[in-house]
Amino acid sequence: MKQVRTFFIIVALFAAYSIHAQVSISDGSGRDPSAMLDVKSTSKGILFPRMTTAQRDAIANPAEGLTIYNTTNRCFEGYSQGGWHLWGCYQQGEKKKATTTMTDKNGLRIKK
């Protein structure tokens, strides 16, 4: 019994060692070698995490480049240089262009 368990541990370690950290979600056409995650589809999109401004502000130490869809202001936002940037908004049937407005950790707007 001990030999079987040892065998499975060795196989698991070998498998973990040989796995590459790149993922492709596609139609089987392969991945782009420069991408960590390569998503390809001609009939579906990507759904970003959706959260309110309060939920966004509760994220402890957001990573540089973190992207969310803010359901409070209906905007895509990305975290960069210590604040949240609006990437693009959609409100009441009108598309709004991306802005350089940022918010600090307290949700206050910072003009640049």
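The model shown is predicted, which means the values in this text are computed figures rather than measured ones. (Residues numbered from 1 in each chain as written. Predicted model: local features only at pLDDT ≥ 70, side-chain atom pairs only at ≥ 80, totals over all residues. Heavy atoms only, no water.)

Asks: Go over the overall build of the protein with me, naming the residues and quoting the values.
Replies: Check the secondary structure of the protein and you find two helices and nine strands. Listing each helix as α and each strand as β along the protein from the N terminus yields α-β-β-β-α-β-β-β-β-β-β. In the protein, buried positions account for 20% of the 112 residues. Sequence separation of at least 24 residues holds for 7% of the intrachain contacts in the protein that already meet a minimum separation of 6. Carbon together with sulfur atoms contributes 60% to the accessible area of the protein, which is approximately 9,000 Å² in total. (Helix = DSSP H or I, 4+ residues; strand = E, 2+ residues; numbered from the N terminus. Buried < 20%, exposed > 50% of the residue type's maximum accessible area, 1.4 Å probe, protein only. Contact = heavy atoms within 4.5 Å. Areas by Shrake-Rupley, 256 points an atom, 1.4 Å probe, with all protein chains shown as cover.)

Asks: I'd like a rundown of the packing of aromatic side chains, residues and numbers included.
Replies: If you walk through the whole model with that rule in mind, you get three aromatic pairs. With 5.8 Å between their ring centres and 75° between their planes, Phe48 and Phe76 make a pair best called edge-to-face. With Phe48 in the loop between β2 (37–39) and β3 (50–51) and Phe76 in strand β5 (residues 75–80), the pair connects residues that are 28 residues apart, well separated along the chain. Since its relative accessible area comes to 32%, Phe48 is described here as partly exposed. On the basis of relative accessibility, which here comes to 34%, the residue Phe76 falls in the partly exposed class. Centre to centre, the rings of Tyr79 and Trp84 are 5.2 Å apart; their planes meet at 70°, and the pair counts as edge-to-face. One aromatic cluster is present, formed by Phe48, Tyr69 and Phe76 through successive ring pairs. (Phe/Tyr/Trp six-rings, centres within 6.5 Å; stacked < 30°, edge-to-face > 60°.)

Read these as layout, nothing more, since geometry by itself doesn't imply function.
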